[in-house]
Amino acid sequence: MNSVSHQLTHHKKYVALWTASTVSYFGSNITTLALQVLVLVGLGGNAVDVGWVSSARWLPYAALGLLAGTMVDRVNRKHVVVAADIGRGLVLSVLCVMAATHLLTFPLLLGLIVVFGTLSLAHDIANQSTLAQFVPRDLLTRANARLDQSAAVAQASGPAAAGTIIAVLGVPFAFLIDAVTFLFSGAMMASVTYPPPARSQAPGAWAAQIRQGLRWIYRHPTLASAAVTTHVWFLFNGMVGAVLVTFALTQLGFSVFSYGLVTTLAGIGALVGSVVSTRVGQRWGMGRGIAVGRNLYAPAVVLMVLAPVTPHGSLWSASFLLVGLGQFVYGLALGLENPLEMGYRQAITPGILQGRVNGTIRSINRTMVLIGAPLGGFIADRFGFRLALWIAIGGFVGVGVWFACSPMGKVGLDT
């Protein structure tokens, strides 16, 4: 285990990717809360509006994901990553100026978020597809776990920092901080030499290459069940993401600061999960380890939906503790399963298909968020926040059982 191949720090390209990702993770977690506060407070929106902003973020994944995956398999991925980071920094700078000068309208916000989402789509596919070329196959789960640990630390510190920044300096400054992190990330990755794009096995029309990626995923004996169950999971995750923040701020009595503080527990849970993820995969097998994570989401949301109203947003109340514990368990599930799933997918997928496989799965996953976020907001506004969350709980139960019984759920130690 002390050989060079087993030390991530010996792979300098991965270290650069990890550093750039860690910095941008921190900024992105600030922006997530800042956007929700901007919609609810700055623009006077409601749960449906929060859902539409979330949908705008993921719309490019639904519309362009398959094409983007094919593009990433054709071109130098370095150019995609660097251009996307710089572009996102510029978009957030514009958003900062528009919000600070009170020129921002809801349609304009949606437009900027669509552009931001398009750039994020290209970046995420290129970055994820290159990871398998930066580290050996036997380090992929560990490399993904290290990235998830950084994301978890950012998630743990980001919301609390965002709540403080918003309370003291206002929403626009939060966007500016994230813009700087993306510019740093782009500069860092510009210094890395990327492998040249592999020649496609389907050199004809783009449609033929897209079909090649689809066949690889949905005809694979184990990857197919992993992909389909993940698609459905994203539907209910989108509902929770759109409903929970509005539920906490408008129904439970949380302040922006207290909600930012309580969501840091999700980051702590994700950190714990990612730390033990590799060990769980080695002991139980990848499929069983993922199945454990998938079956933790429902109880996590149950804890949060049972939270009572918090008078005046007071900390350390029963509501604060229940929501915090639920956030911790939710993050634990994410941190546990994601490195295993990502490592397995990258390890079994040929290099020339990485872009299309990652692009296809991300495209359909985010399409489900595109559906789930406004659906959750609609149900919450029409029938109540708690009912919307109970529906998501039922969905998580079904997905967890489905995955555990699927071929991927039975992948064992020898895979």
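Residues numbered from 1 in each chain as written. Predicted model: local features only at pLDDT ≥ 70, side-chain atom pairs only at ≥ 80, totals over all residues. Heavy atoms only, no water.

Draft legend 1. Molecular detail of the environment of Ser129. In this structure, Ser129 sits in helix H4 (residues 106-134). The exposure class assigned to Ser129 is buried, which follows from its relative accessible area of 1%. With 223 residues separating them along the chain, Ser129 and Ile352 place their C-alpha atoms 9.3 Å apart. With residues near it in sequence (within four places) discarded, Ser129 still touches Val72, Arg77, Gln354, Gly355 and Asn358. (Helix = DSSP H or I, 4+ residues; strand = E, 2+ residues; numbered from the N terminus. Buried < 20%, exposed > 50% of the residue type's maximum accessible area, 1.4 Å probe, protein only. Contact = heavy atoms within 4.5 Å.)

Draft legend 2. Fine view of the packing of helix H11 (residues 297-305) against helix H14 (residues 385-405). Contact geometry of H11 with H14 gives a least axis separation of 8 Å together with a crossing angle of 165°. Viewed along their axes, H11 and H14 adopt a mutual orientation that is roughly antiparallel. For the element pair H11 and H14, the recorded crossing hand is left-handed. The segment H11 lies against H14, with Tyr297, Ala298, Val301, Val302 and Val305 engaging Arg386, Leu389, Trp390, Ile393, Phe396 and Val397. Residues that form the contact of H11 with H14 fall into these classes: 10 nonpolar, no polar and 1 charged. (Axes fitted to C-alpha atoms, helices over the stretch in contact; angles between N-to-C directions. Parallel < 35°, antiparallel > 145°, perpendicular 65-115°, else oblique. Left-handed = near helix turned anticlockwise from the far one by under 90°. Nonpolar A, V, L, I, M, F, W, Y, C, P; charged D, E, K, R; others polar.)

Draft legend 3. Looking closely at the nonpolar core. Residues Leu109, Phe175, Phe254, Tyr259, Tyr330 and Phe396 are the most contacted members of the largest nonpolar core, which totals 95 residues. When neighbours within four sequence positions are excluded, Tyr330 is seen to be in contact with Trp233, Asn237, Val240, Tyr297, Ala300, Val301, Met304 and Phe396. One finds Ala226, Ile290, Ala291 and Met408 within the second-largest nonpolar core, a separate group that totals 17 residues. (Core = buried A, V, L, I, M, F, W, Y, C linked by side-chain atoms within 4.5 Å.)

Draft legend 4. Summary view of the side chain of His220. With respect to the element layout, His220 can be found in the loop between helix H7 (206-218) and helix H8 (223-251). By relative accessible area, His220 is classed as buried at 16%. Within the local environment of His220, its side chain forms a polar contact with the backbone nitrogen of Thr222, the two atoms lying 3.2 Å apart. Here the side chain of His220 touches Leu223 through a polar contact of 3.1 Å, landing on its backbone nitrogen. Ignoring anything within four residues of it in the chain, the contact list for His220 reads Arg215, Tyr344 and Ile348. (Polar contact = N/O pair within 3.5 Å; in protein donor to acceptor, adjacent residues only side chain to side chain.)

Draft legend 5. Representation of unusual backbone geometry. Its identity is not glycine, yet His102 carries a phi of approximately 60°, on the positive side. Position of His102 relative to the elements: it lies in the loop between helix H3 (77-100) and H4. Judged by its relative accessible area of 72%, His102 is exposed.

Draft legend 6. Just the confidence of the model for the protein chain, in detail. Looking at the protein chain, pLDDT values average 84 and 93% of them are 70 or higher. Within the protein chain, the element-level pLDDT minimum falls on helix H5 (residues 140-169), averaging 77, and the maximum on H11, averaging 95. A low-confidence stretch, residues 1-5 stays under pLDDT 50, and its non-local contacts, those more than four residues away or across chains, total 10 contacts. (pLDDT = per-residue confidence, 0-100.)

Draft legend 7. Region of the structure containing the packing of helix H13 (residues 354-383) against H14. Closest axis-to-axis distance for the H13/H14 pair is 6 Å, and the angle between their directions is 140°. Relative to H14, the element H13 is oriented oblique. Taking contact as the criterion, the partners of Gly376, Ile379, Ala380, Asp381 and Phe383 in H13 are, on H14, Phe385, Leu387, Ala388 and Ile391. Of the residues in the contact of H13 with H14, the class split is 7 nonpolar, 1 polar and 1 charged.

Draft legend 8. Highlighting the environment of Gln212. Within the secondary structure layout, Gln212 lies in helix H7. We classify Gln212 as buried; its relative accessible area is 13%. As for Gln212 and Ala226, which are separated by 14 residues in sequence, their C-alpha atoms are 18 Å apart.

Draft legend 9. Up close: helix H6 (residues 171-190). Taking 1.5 Å per residue as the helical rise, H6 with its 20 residues ought to reach 28 Å, and the 30 Å between its terminal C-alpha atoms agrees with that figure. Burial in H6 covers these residues: Val171, Pro172, Ala174, Phe175, Asp178, Ala179, Thr181, Phe182, Ser185, Gly186 and Met189. (Expected span 1.5 Å × (residues − 1).)

Draft legend 10. The packing of aromatic side chains, seen in detail. Per the stated rule, a full pass over the model turns up 10 aromatic pairs. Here Phe116 and Phe182 contribute two aromatic rings whose centre-to-centre distance is 5.8 Å and whose plane-to-plane angle is 65°, an arrangement assigned as edge-to-face. Placement of Phe116 in helix H4 and of Phe182 in helix H6 is noted, with a sequence separation of 66 residues between them. Here Phe116 falls in the buried class, since its relative accessible area comes to 8%. Note on Phe182: relative accessible area 1%, which makes it buried. Relative to Phe320, the ring of Phe254 has its centre 6.3 Å away and its plane inclined at 15°; by these criteria the two rings are stacked. In this pair, Phe254 is assigned in the loop between H8 and helix H9 (256-284) and Phe320 in helix H12 (residues 318-348), connecting sequence segments 66 residues apart. For Phe254, a relative accessible area of 5% puts it in the buried group. Owing to a relative accessible area of 4%, Phe320 belongs among the buried residues under this scheme. Following the ring pairs from residue to residue traces out a cluster consisting of Trp233, Phe234, Phe236, Tyr297, Tyr330 and Phe396. The positively charged end of Arg294 is found above the aromatic ring belonging to Phe403, 4.9 Å away from the centroid. The ring of Tyr61 carries Arg366 above its face, with NZ or CZ at 5.6 Å from the centroid. (Phe/Tyr/Trp six-rings, centres within 6.5 Å; stacked < 30°, edge-to-face > 60°. Lys NZ or Arg CZ within 6 Å of the ring centre and 35° of its normal.)

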